[in-house]
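# Structural description and commentary
Next come the chains, spelled out residue by residue.
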Amino acid sequence: MTQSETLFQRAGIHIPGGVNSPVRAFKAVGGTPVFIDKADGPYLYDVDGKRYIDYVLSWGPMIMGHNHPRVRDAVVQRAQFGLSYGAPTELEIQLAERICAALPNMEMVRMVNSGTEATMSALRVARGYTGRDAIVKFEGCYHGHSDSLLVKAGSGALTFGVPSSPGVPASIAEHTITLTYNDPDGLRECFAQRGEEIACVIVEPVCGNMSCILPTPEFRQALREVCDQSGAVLILDEVMTGFRFGTAGAQGYYGIEADLTALGKIIGGGMPVGAFGGKKHIMEHVSPLGPVYQAGTLSGNPIAMASGLATLDIISADGFYEPLFAHTEALCQGIQAEADKAGIPFTTNYAGTMFGLFFTEEEKVQNYQQVMACDTDRFKRFFHSMLDQGVYLAPASYEAGFMSSAHTDEHIELTIEAAGKAMVKIAQ
Ligand code: PLP
């Protein structure tokens, strides 16, 4: 038995499913999750002493790779002065100033502890601000696990939403309308019928939770248009994409004007952080300035702020993103070439520092239905072959991959080489 297998058995005794977040359990790919001992640069090291080139990067935050010395030093330095005060610090102002300077429509921002809190709170502000209850989201987007957002479409796109998890009351789910991503006509139709009830549209500007799906220009335009016409708030969930497409996020990359933005992951540099913010006239509704309640014992935690500040310092340097964009493109094109050589129907989506791999005959994958129609069995075999060869991809076909500045040309070449062997293997 490997150390990982032993630990997984032990973990299952007191931790549901042996993990503290479901996708870590490898259910979508089978086998035993790899238990991690340490991480450095582009590498994860498991408890059995095996090294992996990591494209999960803690599900996004580690854009400079793991254990970056400047972030580590900032955390260690700050930890000498106490871990939490429950009172304001200058560090919070510094991080707020940095975030507001980076994102075009971010005039005020509130720190929280996770992406889930960020989107949940942004929804409340949008509802409080508009005095409306209904919200619009898109199939395949994930916005954390708060009740209003764990909802799937009912029998028709415009019928009541239904809970996608037991424990979510139907009376909450009925306020959530779930539409198809990249379907501007569906969105316009929904607003034509129910626009006056809708508080907000929440959307991942690049979706990283149904592998990686890019927004079409028509879809991007419709998002702003329906919100402008109806008075609904446009919430861009940039928990994953924030600071991954340049410092102005996917909204800067694609030129989408957000009313509110949710952030997480990178802004904490690996510590538990989230944030929501946006236009001042909306954010002024947040307590204690306004009546919409939101709070947190550990919000703005000094160690997390120090980690986030060090991270944003480094990635704001001129020329930080170009090599990552180039590596993302090279990786996807290289894997595509290997799939073509092996005669496997395959395509990729990539933009910025995110990518998705699809085992499909389709040339373009643009929505959830297409993602779900991909060959998951082939993905599983590809995943395990890559893992065996020391490449750690997300253990589910519906998760995006991420690039870091610690990945060099050599890591990309090694990954493509491994993908070539994996493609040959799974072609059989
Ligand atoms: N929003 C998006 C787009 C995410 O990808 C995630 C998590 O992956 C969340 C929200 C929830 O963030 P957290 O897991 O920090 O609660």
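The name that an unreviewed UniProt entry assigns to the protein chain is Glutamate-1-semialdehyde 2,1-aminomutase, with the source organism given as Aequoribacter fuscus. Quoted straight from UniProt, the Cofactor (unreviewed entry) entry for the protein chain says "pyridoxal 5'-phosphate". Recorded under Sequence similarities (unreviewed entry), the UniProt text for the protein chain is reproduced unchanged: "Belongs to the class-III pyridoxal-phosphate-dependent aminotransferase family. HemL subfamily."

Time to look at the sheet that holds strand β2 (residues 43–46). Spatial ordering of the open sheet is given by β1-β2-β3-β15, a layout of 4 strands whose pairing is mixed. Sheet topology places β1 (36–40) and β15 (391–392) at the edges, where each strand pairs with a single neighbour. Here strand β3 (residues 51–54) runs beside β15; their pairing, made up of 2 bridges, is parallel. If you follow D54 over to β15, its bridge partner there is Y392.

Here the focus is the site of the ligand. Taken together, 16 residues sit near the ligand, with S114, G115, T116, G144 and V239 positioned nearest. With 3 residues, the single largest contributor to the shell around the ligand is helix α4 (residues 115–130). Its residues assigned to classes, the shell around the ligand comprises 4 nonpolar, 10 polar and 2 charged.

Quick look at helix α7 (residues 217–230) now. Here α7 contains 14 residues, and its C-alpha end-to-end distance of 20 Å stays within 8% of the 20 Å for a straight helix at 1.5 Å per residue. When α7 is considered as a whole, its buried residues turn out to be F219, R220, A222, L223, V226 and C227. Mapping the buried residues of α7 onto a view down its axis gives an arc of 165°, with all of them on the same face. Summarising the geometry of α7, the exposed residues directed more than 90 degrees from the buried face are P217, D228 and Q229. The inward-facing, buried residues of α7 contact α6 (184–194), β9 (198–203), β10 (233–237) and α8 (249–254). One or two positions beyond α7, positive phi appears at G231, with a value near 85°.

Here we come to the packing of helix α2 (residues 69–79) against helix α10 (residues 302–315). For any two helices packed against each other, one specifies the crossing angle of their axes together with the interaxial distance. Between α2 and α10, the shortest axis-to-axis distance is 8 Å and the interhelical angle comes to 155°. Looking at the two axes, α2 sits roughly antiparallel to α10. In the packing of α2 onto α10, the handedness of the crossing is right-handed. Contacts between α2 and α10 pair R70, V71, A74, V75, R78 and A79 from the former with P302, I303, A306, S307, L309, A310, T311 and I314 from the latter. Partitioning the contact of α2 with α10 into residue classes produces 10 nonpolar, 2 polar and 2 charged.

Our next topic: the pairing of β3. Relative to β3, β2 runs antiparallel, the two sharing 3 bridges. If you follow Y45 over to β3, its bridge partner there is R51. Hairpin remark: β2 followed by β3, antiparallel, with 4 residues in the connecting loop; positive phi at G49, about 90°.

Now for the environment of S405. Relative to the elements of secondary structure, S405 occurs in the loop between β16 (401–402) and α14 (409–427). C-alpha separation for the pair S405 and C207, spaced 198 residues apart in sequence, amounts to 21 Å. With sequence-adjacent residues up to four places away left out, S405 is seen in contact with I63, M64, G65, F320, P323 and L324.

Another point: helix α13 (residues 376–388). With 13 residues, α13 should cover 18 Å at 1.5 Å per step; its first-to-last C-alpha distance of 18 Å lies within 8% of that length. Of all the positions in α13, only F379, K380, F382, F383, M386 and L387 are classed as buried. Projected down its long axis, α13 carries its buried residues within an arc of 165°, all on one side.

Attention now goes to the domain arrangement of the protein chain. Per the domain assignment, the segments of the protein chain are domain 1 (3–67 + 319–427) and domain 2 (69–315). Between domain 1 and domain 2, the C-alpha centre-to-centre distance is 25 Å. Elements with a minimum of two residues in the side of domain 1 that touches domain 2: β13 (347–351), β14 (354–358) and α12 (368–372).

On to the sheet that holds strand β11 (residues 260–264), then. Read from one edge to the other, the open sheet built from 7 strands follows the order β4-β12-β11-β10-β9-β5-β8, with strand pairing classed as mixed. The sheet terminates laterally at β4 (108–112) and β8 (176–179), the two strands that pair on one side only. Pairwise comparison of adjacent strand axes, ignoring direction, gives a mean angle of 20° for this sheet. As paired elements, β4 and strand β12 (residues 274–278) share 5 bridges and run antiparallel to each other. Note on β12: the bridge partner recorded for M108 is G278. Packed on one face of the sheet, α6 meets β5 (134–138), β8 and β9 and runs near 150° to β8. Strands in contact with α7 are β9 and β10; relative to β9, the strand with the most contacts, it is inclined by about 165°.

Parameters at a glance
Per chain, residue numbering runs from 1 following the sequence as it is written. Totals for whole chains, interfaces and linings use all residues, but because this is a predicted model, local features are given only for residues with pLDDT of at least 70 and pairs of side-chain atoms are given and counted only at 80 or more. UniProt positions are given in the numbering used here, feature names are shortened, and annotations may be inferred rather than shown by experiment. Paired strands, in this sense, are two strands between which DSSP finds at least two bridges. Helix and strand labels come from DSSP, where a helix needs a run of H or I of at least four residues and a strand needs a run of E of at least two; each type is numbered from the N terminus. For each residue, a C-beta position is placed from the backbone atoms; the residue is near a molecule or strand when that point lies within 6 Å of it. Think of it as three bins: nonpolar holds Ala, Val, Leu, Ile, Met, Phe, Trp, Tyr, Cys and Pro, charged holds Asp, Glu, Lys and Arg, and polar takes everything else, Gly as well. A helix is expected to reach a length of 1.5 Å times the quantity of its residues less one. The burial label depends on the number of other C-beta atoms within 10 Å of a residue's C-beta. Counts of 20 or more mean buried, 12 or fewer mean exposed, and intermediate counts mean partly exposed, with C-beta atoms placed from the backbone. An arc is given here, and it is the one of the directions from the helix axis to the C-beta atoms. Once C-beta atoms are placed from the backbone, any two residues with those atoms within 7 Å are in contact. For helices, the axis comes from a line fit to the C-alpha atoms of the stretch in contact; other axes are also lines fit to C-alpha atoms, and the angle between any two N-to-C directions lies between 0 and 180 degrees. Note on angle classes: values under 35 degrees are labelled roughly parallel, values over 145 roughly antiparallel, values of 65 to 115 roughly perpendicular, and the remainder oblique. Helix crossings get a hand from a simple test, with the near helix turned counterclockwise from the far one by less than a right angle marking a left-handed crossing and a clockwise turn marking a right-handed one. An automatic or database domain assignment provides the domain bounds reported here.

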